[in-house]
Amino acid sequence: MIEFTDSLTRTKRPFEPIRDGEVSIYWCGPTVYDDPHLGHARSALGFDILTRYLRWRGFEVTLVRNVTDIDDNIIARAAQRGLSETEISQIYEAAYLTEMDRLGIISPDHSPHATDYVDEMIKVIATLLDRNMAYVVEGSGVYFDVSALDAYGALVNRDPDELRESAGARVALDDDKADPLDFALWKAAKPDEPTWDSPWGPGRPGWHIECVSMSVNLLGPHFDIHGGGDDLTFPHHENERAEALGAGQPFANYWIHNAMVQVEGEKMSKSLGNFTTLAEMLDAYDPRAFRLLVLQTHYRRTMEINASALDPAVTAIERLDTFARRARLAGFDGSGIARHEPSVDAFRNAMDDDLSTPAAIAVIFDTVRLANAALDADDPTAEALCNTVIELSAALGLVLDGADGAVDDDADTIDDLIAQRSTAREQRDFAGADRIRDELSAMGVTIEDGAMGTTWHR
RNA sequence: GCGUCGGUGCCCGAGUGGUCCAAGGGGACGGCCUGCAAAGCCGUAAAGCCGCGGGUUCAAAUCCCGCCCGGCGCUCCA
């Protein structure tokens, strides 16, 4: 039985998909107005690991990850750079996708853009007006009427009155609204801003409405999982939910939120300007080390990411790679069907329990140790153990060693040097053998002697 | 202030009533293997008891109460 912690109930609940064997997921992607940072990476790994695992479990998963390509920040950035909103969003979406690719994030089945769904948003807003869940303020826009929805505040566990008390704690209140909690569904046109026509005059989409339109359009009015970074819980997801429920849709069955990445005890975010860009980090570290680091912390736990966290992860990845090379040399590249069932069971149990990736990773390392021991002993269980490590790693998106078929330009030279060294060793010319090893080392090549021969890696 | 999550070894980080459970990774030390390394395996040390103080229980890191500290949210944010 799979269980997830549902942000709405704040409890771990058994996961039961709406349609047998199928899972629909909507994950909030980026608003593209700046370089992607480590927080985006953690969130992306959130849906990546969730989706990969559900697929490994045999579910047919439909994953939607949106791109918000029109909002206040994009408009501001466009003005600042002297570019159009479209240019800004294209630049940063491209940057986002490049880094997602480097991280090995799976491609969503759909990547809808807000600007392609303005008509749909208008329909949702019209429905909300019809149902008396919203009101028009001439010259200002259309607002959602929070008082019309009993369920408002459920996701953040607050009564509307409590929310009213703290409203404006950080942001100035807007006099156009009947209630400080109300929020804009449609913003009337202002000079120098992109606009679309609507029944309420020219303007642009307000808050959160894009996600409702896109999720419902692509996944239907009732879907399984809605996810995103925990900072989106309020107001974004609360308001999205309000819009969808207000429009009479059941909406998401489970809400899953990943915790924040922090830097020296503070949230890493664009507004604080303390973020490390993903590009910077991925230039310096093996993307798999980052993935491993994220996997080693439960998704609902805040995590600190810095060199002293990444360095050990790099070492751990090297250990897995070394193991994979060894397994391949023994003829086990993971393609065989034999599995070590106790490890597979332990892995499944860990992951079924609210995606406990730290425990799942522990299972993998335990299995690596067993596999190495079996290889040392030339034990027949080695094959199943090796296959299991490779498969379970892949289920979490970790591809070990050069299994992706990367070729090294100097491979021939290196093989030749290794052959020379082997000859020298056979002749007990250890000084000569060590000279060759030093030469390889100078090329950045590390060699490992084993019972089955010598392997090397960069 | 209100809501919420958390404070575990040298570091990161699992574990949320009972094999005296403190997983796993990194680091350290010793042994085996090796011509020597590297890798691997085996073992050891390291948390005087898992923020502090009470309590519940035959039994708590794990439940309850209070306190201290920190993160996040309270309409930009993954």
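Residues numbered from 1 in each chain as written. Chains lettered and ligands numbered in written order. Predicted model: local features only at pLDDT ≥ 70, side-chain atom pairs only at ≥ 80, totals over all residues. Heavy atoms only, no water.

Points about the overall build of chain A
For clarity, the cut-off: A run of H or I in DSSP counts as a helix once it spans at least four residues, and a run of E counts as a strand once it spans at least two, with each numbered from the N terminus. Residue contacts are counted whenever heavy atoms from the two residues lie within 4.5 Å of one another. All accessible areas in this document rest on Shrake-Rupley with a 1.4 Å probe, and a residue is counted as covered only by the protein chains that are shown. Two residue types count as positive, namely Lys and Arg, and two as negative, namely Asp and Glu; His and chain ends fall outside the count. To locate a charge, take atom NZ for lysine, CZ for arginine, CG for aspartate or CD for glutamate.
Looking only at helices and strands, chain A features 15 helices and 15 strands. Within chain A, counting contacts between residues at least 6 apart in sequence, those at least 24 apart form 74% of the total. Taken as a whole, chain A presents about 20,700 Å² of accessible surface, with 47% of it coming from carbon and sulfur. The distance from the centre of the 41 positive side-chain charges to the centre of the 80 negative ones in chain A is 4 Å.

Considering the domain arrangement of chain A
Stated precisely, the cut-off is as follows: Where each domain starts and ends follows an automatic or database-derived domain assignment. Each salt bridge in this description consists of a side-chain nitrogen of Lys or Arg and a carboxyl oxygen of Asp or Glu lying within 4 Å of one another. Under the grouping applied here, Gly and all other residues not named as nonpolar or charged are polar, the nonpolar ones being Ala, Val, Leu, Ile, Met, Phe, Trp, Tyr, Cys and Pro and the charged ones Asp, Glu, Lys and Arg.
Considered domain by domain, chain A is made up of domain 1 (3-267), domain 2 (310-395) and domain 3 (411-457). With centres defined by C-alpha atoms, the gap from domain 2 to domain 3 works out at 28 Å. Counting every contact that joins domain 2 to domain 3 gives one salt bridge. Across the side of domain 2 that touches domain 3, the residue classes tally to two nonpolar, one polar and one charged.

A closer look at the side chain of Glu-99
To be explicit about the condition: Accessibility here uses a 1.4 Å probe with only protein chains present; expressed as a share of the type maximum, an area under 20% marks a residue as buried, one over 50% as exposed, and anything in between as partly exposed.
Counting through the fold element by element, Glu-99 comes out in helix α3 (residues 85-103). The buried category is assigned to Glu-99, whose relative accessible area is 8%. Ignoring anything within four residues of it in the chain, the contact list for Glu-99 reads Pro-36, Leu-278, Ala-279 and Leu-282.

Looking at the sheet that holds strand β6 (residues 141-144)
This is how the line gets drawn: A pair of strands is labelled paired if DSSP reports no fewer than 2 bridges between them. Axes, fitted as lines to C-alpha atoms, cover a helix only where it is in contact. Angles between the N-to-C directions of the axes lie from 0 to 180 degrees.
Strand order in this open sheet of four strands is β5-β6-β7-β8, and the pairing throughout is antiparallel. Every other strand in the sheet has two partners, leaving β5 (134-137) and β8 (203-205) as the edge strands with one partner each. For this sheet the average axis-to-axis angle between neighbouring strands, irrespective of direction, equals 25°. Both β5 and β6 contribute to a ladder of four bridges, which runs antiparallel. Pairing of Val-136 across the sheet is with Val-142, part of β6. The sheet contacts of helix α7 (residues 233-246) involve β6 and β7 (183-188), and relative to β7 the element is tilted by about 80°.

A few points about the packing of aromatic side chains
Worth spelling out the cut-off: Each pair of aromatic rings taken from Phe, Tyr and Trp, with Trp reduced to its six-membered ring, is defined by centres within 6.5 Å and is described as stacked if the planes are under 30 degrees apart, edge-to-face if over 60, and tilted in the remaining cases. In this analysis the charged atom, NZ for Lys or CZ for Arg, is taken to sit over a ring once it is within 6 Å of the ring centre and within 35 degrees of the ring normal.
For the structure on display, the rule yields 12 aromatic pairs. Grouped by ring-pair contacts, the aromatic residues Phe-4, Phe-15, Phe-59 and Tyr-254 constitute a single cluster. Its end group placed over the ring of Tyr-254, Arg-13 keeps NZ or CZ at 4.1 Å from the ring centre.

A look at the environment of Asn-372
The condition is simple: In protein, a polar contact means a hydrogen-donor-capable atom and an acceptor-capable atom, both N or O and within 3.5 Å, with residues adjacent in sequence counting only if both atoms are side-chain atoms; elsewhere, any N or O pair within 3.5 Å suffices.
Within the secondary structure, Asn-372 sits in helix α12 (residues 357-377). For the pair Asn-372 and Ala-382, spaced 10 residues apart in sequence, the C-alpha separation works out to 7.8 Å. Filtering out sequence-adjacent residues up to four positions away, Asn-372 remains in contact with Phe-323 and Arg-326. A polar side-chain atom of Asn-372 sits 2.8 Å from a polar atom in the side chain of Arg-326.

Overview of the environment of Tyr-152
Looking at the secondary structure, you find Tyr-152 in the loop between β6 and α5 (160-166). Residue Tyr-152 is classed as buried on the basis of its relative accessible area of 3%. Through-space distance from the C-alpha of Tyr-152 to that of Leu-245 is 9.5 Å; in sequence the pair is 93 residues apart. At 2.5 Å, the side chain of Tyr-152 forms a polar contact with the side chain of Asn-239.

A closer look at the sheet that holds strand β10 (residues 251-258)
Taken in spatial order, the four strands make up an open sheet running β4-β3-β9-β10, and their pairing is parallel. Two strands lie at the open edges of the sheet, namely β4 (60-65) and β10, each paired on one side alone. On average, adjacent strands in this sheet sit at an angle of 25° to one another, irrespective of strand direction. Helix α1 (residues 38-56) contacts β3 (22-27), β4, β9 (222-229) and β10 of the sheet and is inclined by roughly 175° relative to β3.

Let's talk about the pattern of salt bridges
Side chains bearing opposite charge may pair, as long as their charged atoms lie close to each other. The full count for this structure, using the stated rule, is 28 salt bridges. Of the charged contacts in the structure, one is a salt bridge between Glu-22 and Arg-19, with a shortest N-O distance of 3.4 Å. The exposure class of Glu-22 is partly exposed, given its relative accessible area of 34%. As a salt-bridge pair, Arg-55 and Asp-109 come within 3.2 Å of each other at their nearest N and O atoms. You can see Arg-55 sitting in helix α1 and its partner Asp-109 sitting in the loop between α3 and α4 (118-130), a full 54 residues away along the chain. Owing to a relative accessible area of 33%, Arg-55 belongs among the partly exposed residues under this scheme.

Digging into the packing of helix α9 (residues 287-295) against helix α10 (residues 307-329)
Put simply, the rule reads: Working definition: roughly parallel below 35 degrees, roughly antiparallel above 145 degrees, roughly perpendicular at 65 to 115 degrees, and oblique for all remaining angles.
Contact pair α9 / α10: the axes reach a minimum separation of 8 Å and the direction vectors enclose 105°. By the criterion of interaxial angle, the relationship of α9 to α10 is roughly perpendicular. Where α9 approaches α10, its residues Arg-288, Ala-289, Phe-290, Leu-292 and Leu-293 are matched on the opposing element by Ala-309, Leu-310, Ala-313, Val-314, Ala-316, Ile-317 and Asp-321.

Brief notes about the packing of α1 against helix α11 (residues 341-352)
As a reminder, the rule being used: Should the near helix be turned counterclockwise from the far one by less than a right angle, the crossing is left-handed, whereas a clockwise turn marks it as right-handed.
Two elements in contact, α1 and α11, have axes separated by 12 Å at closest approach and are oriented at 130°. One way to sum up the angle between α1 and α11 is to call them oblique. Two packed elements cross with a definite hand, and for α1 against α11 that hand is left-handed. Within the contact between the two elements, α1 uses Ile-49, Tyr-53 and Trp-56 and α11 uses Val-344, Phe-347, Arg-348, Met-351 and Asp-352. Partitioned by chemical class, the residues of the contact of α1 with α11 number six nonpolar, no polar and two charged.

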